[in-house]
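Given next are the chains, with one letter for each unit.
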Amino acid sequence: MPLSQLPAPLDTLMTIAIAAGEAILEIHDGDLAVEKKADSSPVSAADRASEKLITEKLRHAFPDIPIVAEEACSEFGPPECGNRFFLVDPLDGTKEFLSGSGEFTVNIALIEDERAVAGVVYAPVLGKFYCGLKQEAWRGEVERPSGIVTDLQAIGIRPVPATPIAVASRSHMSPETAAFLDRFEAAETRSIGSSLKFCLLAAGEADFYPRLGPTMQWDTAAGQAVLEAAGGQVLNLDGTPFLYGREHEGGPRPFENPFFLAIGDPALTETLIDNRAD
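Treat the numbers as computed from the prediction; the structure is a model and nothing was measured. Within any chain, residue numbers begin from 1 and follow the written order of that chain's sequence. Residues qualify for local features only when their pLDDT is at least 70, as the model is predicted, and side-chain atom pairs are given and counted only at 80 or more; totals for whole chains, interfaces and linings, by contrast, use all residues. Each side-chain value is worked out from all heavy atoms of the structure, with water and hydrogens disregarded.

A. Quick look at helix 7 (residues 217–229). Each helix is a run of DSSP H or I of at least 4 residues and each strand a run of E of at least 2, with the numbering of both proceeding from the N terminus. What a helix should span is 1.5 Å times the count of its residues minus one. Over its 13 residues, helix 7 extends 18 Å from the first C-alpha to the last, a length consistent with the 18 Å expected when each residue adds 1.5 Å. The buried label goes to any residue with under 20% of its type's maximum accessible area, the exposed label to any with over 50%, and the partly exposed label to all in between, with areas taken from a 1.4 Å probe on protein chains only. Counting buried residues along helix 7, twelve of its 13 residues qualify, which places the element largely inside the surrounding structure. The set of residues buried in helix 7 consists of Gln217, Trp218, Asp219, Thr220, Ala221, Ala222, Gly223, Gln224, Ala225, Val226, Leu227 and Ala229. Of the residues one or two after helix 7, glycine 231 is the one with positive phi, at around 110°.

In C-alpha cells:
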C-alpha cells in the first residue's frame, strides 16, 4: 500500500516526515554540534534542519494553516494559531538522538478545535512510522535510501490483559511518574524514548503511559492522534479531555502540557484515574 493510498492529509504529512527524517540522518552520521536553549534543553543542527524542511513543505502544501514548531517557538516566541494549526516537533527525543539509541521521532500533528485530529510519527533510524486520522491508524516501514514504504498495515489497541503493561520515558522519568507506577502493579514497565510510547499503545503492544512530568504540546499531539485513531485516549489526571492550544497550557512555558494519562483500552480509565495521588 503506497503512501498515496493513505487518506489526506496523512499521505502528504507522511511524505514530509520521511523527507525530514532523511535530513536528520544526514547530520546524524556526521559531527553533532549541540547547543543549549534558554530552558537548558539540547538542540542540534539536525533539529533545525528538520524543522526548516517541514515548515517549508507544510507552507507549500497547506498555505492557509498556521504552524507551531518547537524551535521557532523557542526562538521567536509563541505564534498566533487560531482553531486550526499544525504542531511540529522536528526531532522528538533529542537525548535519544545524541545517545545513539535511535528512539527519536519526527512528529507532525493537525489540530482542529483543540483536538489532535491527524498525526504522523516517524522514527528514521528504526525505519518505522505510525499515523492516524479519525478512527483509522496504521504503521509501516521505510527503506533507506529509496524511501520506499513497505509492510503498511492497520493497527489498533488491545483489550486490557490480566496484567497490563506500562510504558515510561527512557530519559525523563519523574519521581511522580515512578510513584504512580509503584501504586499500579503492572506486570512490566517498558522504557522507550520520544512519542513511540503512544505508538506502542496504539499498536496493542502496551496498555498505558502515565506522564507526571513536563512535556510540550508538540511532544504529544502526533502520538495522541495516532493513539486515539487506534481506539485509545489521552486524558488529564482528573479524567477530562487532553486538549491543545494556548488556553490549555499547563505550565509557565507557552504550549506546555499539564500531566496526563495515555490509555489503550478505555476499560482501564477508571482504574488509572483512581490510582492518581491525592
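Moving on from the model shown.
B. Here's a closer look at the pairing of strand 6 (residues 115–123). Within strand 6, seven of the nine residues are buried, which leaves the element mostly enclosed by the surrounding structure. Strands were regarded as paired on the criterion that DSSP finds at least two bridges between them. As paired elements, strand 5 (residues 105–112) and strand 6 share seven bridges and run antiparallel to each other. In the strand pairing of strand 6, valine 106 is matched with tyrosine 122. In this antiparallel pair of consecutive strands, strand 6 and strand 7 (residues 128–133), the connection spans four residues, and glycine 127 shows a positive phi of 70°.

C. The arrangement of the nonpolar core in detail. To form a nonpolar core, buried Ala, Val, Leu, Ile, Met, Phe, Trp, Tyr and Cys residues must be joined to one another through side-chain atoms within 4.5 Å. Judged by nonpolar contacts, the single largest core of 40 residues is most densely connected at Leu87 and Ala262. Every element with two or more residues in this core is listed here: strand 4 (84–92), strand 5, strand 6, strand 10 (165–169), helix 6 (196–202), helix 7 and strand 14 (260–263). For this core, the element with the highest residue contribution is helix 7, accounting for seven residues. Residues contacting alanine 262, with those up to four places away along its chain left out, are Phe198, Leu201, Asp207, Phe208, Tyr209, Leu227, Gln233 and Val234. In what follows, residue pairs with any heavy atoms lying within 4.5 Å of each other are defined as contacts.

D. Region of interest: the UniProt feature "binding site: Mg(2+) 1" (unreviewed entry) in the protein chain. UniProt positions are given in the numbering used here, feature names are shortened, and annotations may be inferred rather than shown by experiment. UniProt's feature table lists "binding site: Mg(2+) 1" (unreviewed entry) at Glu70, Asp89 and Leu91, given in the numbering used throughout. Spatially, the listed residues are clustered: although they cover 22 residues, their C-alpha atoms lie within 9.1 Å of one another. The topology assignment puts aspartate 89 in strand 4. Looking at aspartate 89, the relative accessible area reads 1%, which means it is buried. If near-sequence neighbours (up to four positions away) are discounted, aspartate 89 is found in contact with Glu70, Thr105, Val106, Asn107, Trp218 and Asp219. Along the chain, leucine 91 turns up in strand 4.

E. Helix 5 (residues 175–183), seen in detail. Turning to helix 5, its buried residues number three or more, namely Thr177, Phe180 and Leu181. In a view along the axis of helix 5, the buried residues occupy a sector of 95°, so they form one face of it. Turned more than 90 degrees away from the buried face of helix 5, the exposed residues are Pro175 and Asp182. Check the buried side of helix 5 and you find it contacts strand 10, strand 11 (188–192), strand 12 (208–211), strand 14 and helix 8 (269–275). As used here, the arc is the angular range of directions from the helix axis to the C-beta atoms.

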